[in-house]
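A look at the structure
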Amino acid sequence: MLEIKNLHVSLEEEDKVILKGVDLTVETGKVHAIMGPNGSGKSTLSYVLSGRDGYEVTEGSAMLEGADILDMDPEERAAAGLFLAFQYPVEIPGVGNMTFLRTAVNAQRKARGEEEMSAAEFLKVIRAKAKALKIDADMLKRPVNVGFSGGEKKRNEILQMAMLEPKMCILDETDSGLDVDAMKLVAEGVNALRDAGRGFLVITHYQRLLDHIKPDFVHIMADGQIVRTGGPELALEVEQNGYADILAEVA
Amino acid sequence: MGMAQAKKDLTETRLADLKRPDGAVWANEARAAAEARLRLAGLPTRRDEYWKFTDPATLTAADAGQAAIFDAGDEVPLYDGIDRLKLVFVDGVFDADASDDLTLEGVEIELLPEALTKDIHWAKGLYGVLEERGQTPVLRPLAAMNTAYATAGVVIRATAKVTKPISLTYLHEAETSDAILHNLIRVEEGAEVTVLENGPAAARFNKCMEVEIADGGSFHHVRAQGRDHERRAMTHMFSRLGARSTFKSFTLTANGVLTRNENIIEITGDDAVAHVAGAALGDGANGAFHHDDTVFITHDAERCESRQVFKKVLRNGAEGVFQGKILVKQGAQKTDGYQLSQALLLDEDSSFQAKPELEIYADDVICSHGSTTGAIDEEGLFYLRSRGVPEDAATDLLVLAFLAEAIEEIEDDRLREDILLRLHQWLERRRG
């Protein structure tokens, strides 16, 4: 599904190297979690994969189902099946949530040569998906993320994911700013999307999200590299002992 | 040659081929007085403070210049689905065949040349009257010229709640047309009327509208200027508001080499409301785009509210101007005045000049103004693109979002939807 090889990334404006050779393969149907201390490069990895400006890939590759995504515009990556749930979803005053989502769904369909979704069909689908995520109709009409609570913003991200049905989902610290109930709701939304045709990369600081979204693999990232890979037990180890032991081991 | 002589020469040259229409004695007097005002002031030049940001040369030149006719393609005509009484002017000349009968319940509609030939007519109290008042504190010689030389227009007197909007469509069919139109609107006590305007009008267009709203009356105005890239237009709207009256005006502008819209509003009755808004979308790629909104609102009564909301989206070297003033006279207590002008510059070649002003002589008022110039929100753009929306469509979504606050000033849902549809069509056309 997603194959990252020896990825080196610098900040464009400062001469600062953030990623120093990331190797990671996410197989179809699997959930990979990435944990690591602040500043280890987790969010940078998600931004570089989704095509945000400001980063320069100096070495390495990232392939999605055999296609080199690093050469694509952000919208092409999305149409190819990549989705990033933002840590801080952007507020866009004046753009209705529903208008935005319909534009996005149909833009992706068009890019893939598929038939666009009719207004009636779109309404039916979004209502059903919003209901499952406990998003009320009023939230769909409001401008994108404007005036949403932290929990609402994250649920909105998951709603977008559910509507766009990407092949590869990256969740960048989706648990930040969520209380326990909101986290459960978001995790349920993610779990409902888990299937054999989809891969997940869950970036998180804490093990608690992984109580609800059970990962198949856990990676620890430090100083721009993945320094250790294991099963779900690795997250528990971090929860109990912190990163110090692991970092000392690889130092 | 001195400045005064230069202005005099400019004025004489412009007026050389113009002839004042003939009508009733009172109308002729109004026209002659307006011409005297014009000659005294002289036509404006860039050196006038009030024209510092906008060069009036093409508006004052003797030659109207050319404006190629724009192919509207499959664009849906504006207001097409709205039940309305339609009056059509082609290059400034009334087209009776293309227009509806001038009969509508609750309103008297006449053509200006006919009304101005009647010895006794209510228009005597309005024609050139608000225009003359609007010369203070700034001279508006192009408006005076309009009063003196207007050859067409419509005279509307609403006496009740008029059941459907009156629409004025200004077509442009001759590449060198030079039209001067003057409209008069009187809204009687408790009456209500909606006037719609659209169309590029002429290669060069000078339009004046005088609106008087009696106590408790309501006037709603929505207009769209645009389509032809090369046209030049100067419009003045002079309004006087009575107690508890409502005035709401919205203008959408796209294309056009030069557009200057002046709105001069005088609130003379307590508890009146005046909202004036505009959205302009300018692309300088077709030669030029210069759009100027100039507003002057005088509060001269208690507990009145005024709002100015102007938004401009500029690209490819397009230029935007906003000059807005709120004058609160002594005694206009509890005034609530709000003024906002914002520009979104889609590239570094475009520019926006703003001159927001407040002048307040009453002590118990809430008045605020704000003016900003900004670029597209890169974070927002990336967010939309990351969801699969292509860059140009994402930019359009953000453009629509930016303009939304001005478009929301249109109260009527159908009219708002119609204007939005027109805006979508313009954006789509631009994307190709």
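Please read these numbers as outputs of a predicted model, since none were measured by experiment.

So, how was this worked out
Counting restarts for each chain: residues are numbered from 1 in the order of the written sequence. Here chains are named by letter from A upward and ligands by number from 1 upward, in the order in which they appear as written. Local features in a predicted model are, by the rule used here, given only for residues with pLDDT of at least 70; side-chain atom pairs are given and counted only at 80 or more, and totals for whole chains, interfaces and linings are based on all residues. Hydrogens and water are ignored here; the side-chain numbers use all heavy atoms of the structure. Numbering of helices and strands runs from the N terminus, with a helix taken as a DSSP run of H or I at least four residues long and a strand as a DSSP run of E at least two residues long. We call a residue buried when its accessible area falls under 20% of the maximum for its residue type, exposed when it is over 50%, and partly exposed in between, using a 1.4 Å probe and counting protein chains only. Note on contacts: a residue pair is in contact if any heavy atoms of the two residues lie within 4.5 Å. Only the protein chains shown count as cover for residues, and the accessible areas themselves come from Shrake-Rupley with a 1.4 Å probe. As used throughout, the charge tally considers Lys and Arg to be positive and Asp and Glu to be negative, leaving His and the chain termini uncounted. Every charge is mapped to an atom, namely NZ of Lys, CZ of Arg, CG of Asp or CD of Glu. Strands qualify as paired when DSSP identifies two bridges or more between them. Here the term patch refers to residues with relative accessible area over 30% and no salt bridge, with like charges joined within 9 Å and nonpolar side chains (Val, Leu, Ile, Met, Phe, Trp, Tyr) within 5 Å. Salt bridges are counted wherever a side-chain nitrogen of Lys or Arg sits within 4 Å of a carboxyl oxygen of Asp or Glu. Convention adopted: a line fitted to C-alpha atoms gives each axis, helices being fitted over their contacting stretch, and angles between N-to-C directions are expressed from 0 to 180 degrees. Orientation is classified from the angle alone, with under 35 degrees giving roughly parallel, over 145 giving roughly antiparallel, 65 to 115 giving roughly perpendicular, and any other angle giving oblique. The crossing is said to be left-handed when, going from far helix to near helix, the turn is anticlockwise and less than a right angle, and right-handed when the turn is clockwise. Amino acids are sorted into nonpolar (Ala, Val, Leu, Ile, Met, Phe, Trp, Tyr, Cys and Pro), charged (Asp, Glu, Lys and Arg) and polar (every other residue, Gly among them). A simple way to read buried area is as the amount of 1.4 Å-probe accessible surface that goes missing from two parts once joined, with both sides added. Contacts described as polar in this section are N or O atom pairs within 3.5 Å, which, within protein, must combine one atom able to donate a hydrogen with one able to accept it, while residues neighboring in sequence count only if both atoms come from side chains.

A short note on the overall build of chain A
A tally of helices and strands in chain A yields 10 helices and 12 strands. Taken along the three principal axes of its C-alpha coordinates, chain A extends 55 × 40 × 35 Å. Counting only residues that meet the buried cut, chain A has 52% of its 251 residues in that class. A separation of at least 24 residues holds for 70% of the contacts in chain A among residues at least 6 apart in sequence. Accessible surface, chain A: about 11,000 Å² in total, of which carbon and sulfur atoms supply 47%. Here chain A contributes 28 positive and 41 negative side-chain charges, whose respective centroids are spaced 8 Å apart.

Examining the sheet that holds strand 7 (residues 178-187) of chain B
Pairing is mixed across the open sheet formed by 10 strands, whose spatial order is 3-4-5-7-9-11-13-15-17-19 (chain B). Whereas interior strands pair on both sides, the edge strands pair on one side only; in this sheet they are strand 3 (103-104) and strand 19 (351-360) of chain B.

Points about helix 1 (residues 42-50) of chain A
Residue and element names in this part refer to chain A. Within helix 1, nine of the nine residues are buried, which leaves the element mostly enclosed by the surrounding structure. Within the sequence span of helix 1, burial applies to K42, S43, T44, L45, S46, Y47, V48, L49 and S50. Where helix 1 ends, the next residue or the one after it, G51, has phi of about 95 degrees, a positive value.

Digging into a negative patch on the surface
A grouping of E12, E13, E14, D53 and E56 of chain A together with D377 and E378 of chain B is seen on the molecular surface, where their side chains present a negatively charged patch. Counting through the fold element by element, E13 of chain A comes out in the loop between strand 1 (2-11) and strand 2 (16-26).

With respect to the pairing of strand 6 (residues 82-85) of chain A
Residues and elements named next belong to chain A. Of the two faces of strand 6, the one lined by L82 and L84 and the one lined by F83 and A85 are each fully buried. Bridging between strand 6 and strand 9 (residues 168-172) involves four bridges; their strand directions are parallel. Considered in strand 9, the bridge of L84 is made with I170.

Regarding the packing of helix 4 (residues 119-132) of chain A against helix 6 (residues 150-164) of chain A
Residue and element names in this part refer to chain A. At a closest axis distance of 10 Å, the pairing of helix 4 and helix 6 adopts a crossing angle of 135 degrees. The angle between helix 4 and helix 6 falls in the class oblique. Where helix 4 crosses over helix 6, the handedness of that crossing is right-handed. Contacts between helix 4 and helix 6 involve F122, V125, I126, K129 and A130 from the former and L159, A162 and M163 from the latter. Of the residues assigned to the contact of helix 4 with helix 6, the class counts are seven nonpolar, no polar and one charged.

What about the interface of chain B and chain A?
Contacts between the two partners involve 16 residues from chain B and, on the opposite side, 28 residues from chain A. Of the roughly 1,800 Å² buried where chain B meets chain A, counting both sides, 67% is carbon and sulfur surface. Taken as a group, F382, Y383 and R387 of chain B account for 43% of the area that chain B buries against chain A, more than any other trio of residues on that side. Where chain B touches chain A, the interface holds four salt bridges. As a salt-bridge pair, R385 of chain B and E75 of chain A come within 2.7 Å of each other at their nearest N and O atoms. Where chain B packs against chain A, one counts 10 residue pairs in polar contact (both at pLDDT 80 or more). Those elements giving two or more residues to the side of chain B that touches chain A turn out to be helix 7 (378-386) and helix 8 (391-407) of chain B. At seven residues, the largest contribution of residues to the side of chain B that touches chain A is made by helix 7 of chain B. Grouping the constituent residues of the side of chain B that touches chain A by class yields eight nonpolar, three polar and five charged.

Take it as geometry only, folks, not as evidence of what the structure does.
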